[in-house]
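Below, each chain spelled out in residue letters.
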Amino acid sequence: MGDWWQRNITEPGKLPLLLALTAFVLTFLVTRAITRLIRAGKGPFGNVQAGGVHIHHVVPGVALTIVGGFGAVAGGRHGFGSCLAAVVFGVGAGLVLDEFALILHLDDVYWTEAGRKSVEAVVLTAALVGLWLVGFAPFGVNDMSEDELQDRGSVISSVAVSFLFALVILAKGKPRMAVFSVIVPLVALWGVIRLARPDSLWARRFYRRRPRARAKAALRAYHHDRRWSRPRRALQDWLGGRPDPEEPRRAVERN
């Protein structure tokens, strides 16, 4: 275990990244636990107020992210300073992305359906950083040999092809797959050959005169959503809490 840690974490300088990821995940989990207790009216916690203004935790999160980011840049990849900066950055990023939906909508949508985007952003970020930590690099660069890495043309070609595949997948209406395709080349190949979603830019452009392709894409999207929407919502509810019902919330807003 010690040899593995030295070879895969310490020597490549990945300890700050591991600490940042750990701090990021723990901060999100602790923050969600506290906000759920506040929502239920339990425990000693409460919303932070200053002059009648509700201070969202994204505010200290931004400050910590800035401090940790500049500290990490100044501290390099080794030493206590870089590790401390990584932890500060991870805590700040966890606080910020926990309210990602608030930033996206410029509204307090924390406990609404729109607020689920925060949980999705956190899970997606943690998964991508985890892949990077275990050895995957963006645009498939990690799959290239030493000779290929020395050839600037090969590197540029690999990055260009991977980026093009990601754009195609994004045009097909699959943003999550597009993000993962940047890290995992097999995902990129799978996404490129798959049918587009029926409401995507790709479908509107290339399936316009192909009724069979449109029908097949719609049927596949229906079965996919029916199969995965319930488990995805259950995971989001377990991690972030169940959103408020829409109708009561609207009634409160009208009053």
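Here is a short report on the structure shown in this document. Being a predicted model, the structure only gives us computed values, none of them experimental.

1. Description of the overall build of the protein chain
Next up, step 1: Tallying secondary structure elements over the protein chain gives 13 helices and 2 strands in all.
Next up, step 2: For the protein chain, the residues scored as buried account for 31% of the 255 residues in total.
Next up, step 3: In the protein chain, the share of contacts with a sequence separation of at least 24, taken over all contacts with a separation of at least 6, comes to 61%.
Next up, step 4: For the protein chain, the exposed surface amounts to about 16,100 Å²; the carbon and sulfur share of it is 66%.

2. Examining empty space enclosed by the protein
Next up, step 1: Taken as a whole and assessed by the stated rule, the structure comprises 1 cavity of 30 Å³ or more.
Next up, step 2: In this structure, the largest cavity encloses a volume near 60 Å³.
Next up, step 3: Considering the residues around the largest cavity, the lining is formed by R32, Y110, W111, T112, G115, R116, V119, Q236, G240, G241 and P243.
Next up, step 4: Of all the secondary-structure elements, those providing two or more residues to the lining of the largest cavity are α6 (116–133) and α12 (211–240).

3. Quick notes on the environment of S181
Next up, step 1: With respect to the helices and strands, S181 occurs in helix α9 (residues 175–183).
Next up, step 2: Sequence separation between S181 and L167 is 14 residues, and the spatial gap between their C-alpha atoms is 9.8 Å.
Next up, step 3: When neighbours within four sequence positions are excluded, S181 is seen to be in contact with A166, I169, V187 and A188.
Next up, step 4: Only 2.5 Å separates the side chain of S181 from the backbone oxygen of A178, close enough to count as a polar contact.

4. Examining the packing of helix α2 (residues 15–40) against α12
Next up, step 1: It is at 8 Å that the axes of α2 and α12 come closest, and there the two elements cross at 80 degrees. In terms of orientation, α2 and α12 fall into the roughly perpendicular class. Contacts between α2 and α12 involve F28, L29, R32 and R36 from the former and D237, W238, L239 and G240 from the latter.
Next up, step 2: Looking at the contact of α2 with α12 residue by residue, the class counts come to 4 nonpolar, 1 polar and 3 charged.

5. Here we look at the packing of aromatic side chains
Next up, step 1: Evaluated as defined, the whole model comprises 2 aromatic pairs.
Next up, step 2: With centroids separated by 4.9 Å and ring planes inclined at 85 degrees, the aromatic side chains of Y110 and W111 adopt a geometry described as edge-to-face.
Next up, step 3: On the basis of relative accessible area, W111 is assigned to the buried category, the value being 16%.
Next up, step 4: Seen from their ring centres, W202 and F206 are 4.4 Å apart, and the 40 degrees between their planes marks the pair as tilted.

6. With respect to the layout of surface pockets
Next up, step 1: Empty space within the largest pocket amounts to approximately 950 Å³.
Next up, step 2: Of all the secondary structure elements, the ones that give two or more residues to the lining of the largest pocket are α6, α9, α10 (185–193) and α12.
Next up, step 3: Of all the elements, α12 adds the most residues to the lining of the largest pocket, at 11 residues.
Next up, step 4: Residue classes in the lining of the largest pocket are distributed as 17 nonpolar, 3 polar and 8 charged.

7. What about α2?
Next up, step 1: In a regular helix each residue adds 1.5 Å, so 26 residues correspond to 38 Å; α2 covers 37 Å between its end C-alpha atoms and thus fits that length.
Next up, step 2: Looking only at α2, the buried set comprises P16, A20, L21, A23, F24, T27, F28, T31, R32 and T35.
Next up, step 3: Elements that come into contact with the buried residues of α2 comprise α4 (80–98), α6 and α12.
Next up, step 4: Residue G41 follows α2 closely and has a positive phi angle near 75 degrees.

8. With respect to the pattern of salt bridges
Next up, step 1: A complete count under the given rule lists 8 salt bridges for this structure.
Next up, step 2: Salt-bridge contacts for E113 lead to R116; the nearest nitrogen and oxygen are separated by 3.0 Å.
Next up, step 3: Across the salt bridge formed by R242 and D237, the nearest N and O atoms sit 3.6 Å from each other.
Next up, step 4: What makes R242 exposed here is its relative accessible area of 58%.
Next up, step 5: Take D237: its relative accessible area is 12%, and that puts it in the buried class.

9. Focus on unusual backbone geometry
Most of the time, phi is negative for any residue but glycine, and the peptide bond is trans.
Next up, step 1: You will see that L106, though not glycine, has its phi angle at about 50 degrees, which is positive.
Next up, step 2: As for its position among the elements, L106 is in the loop between α5 (100–105) and α6.
Next up, step 3: A residue is classified by how much of its surface remains accessible, and L106, at 76% relative accessible area, is exposed.

Criteria and cut-off values
- Residues numbered from 1 in each chain as written.
- Predicted model: local features only at pLDDT ≥ 70, side-chain atom pairs only at ≥ 80, totals over all residues.
- Heavy atoms only, no water.
- Helix = DSSP H or I, 4+ residues; strand = E, 2+ residues; numbered from the N terminus.
- Buried < 20%, exposed > 50% of the residue type's maximum accessible area, 1.4 Å probe, protein only.
- Contact = heavy atoms within 4.5 Å.
- Areas by Shrake-Rupley, 256 points an atom, 1.4 Å probe, with all protein chains shown as cover.
- 1 Å grid on protein atoms, 1.4 Å probe; cavity = no way out; pocket = protein on both sides within 12 Å on 5 of 7 lines; lining within 4 Å.
- Points joined across faces, edges and corners; volume = space filled by probe spheres on them.
- Polar contact = N/O pair within 3.5 Å; in protein donor to acceptor, adjacent residues only side chain to side chain.
- Axes fitted to C-alpha atoms, helices over the stretch in contact; angles between N-to-C directions.
- Parallel < 35°, antiparallel > 145°, perpendicular 65-115°, else oblique.
- Nonpolar A, V, L, I, M, F, W, Y, C, P; charged D, E, K, R; others polar.
- Phe/Tyr/Trp six-rings, centres within 6.5 Å; stacked < 30°, edge-to-face > 60°.
- Expected span 1.5 Å × (residues − 1).
- Salt bridge = Lys/Arg side-chain N within 4 Å of Asp/Glu carboxyl O.

Read these as spatial facts, not as claims about activity.
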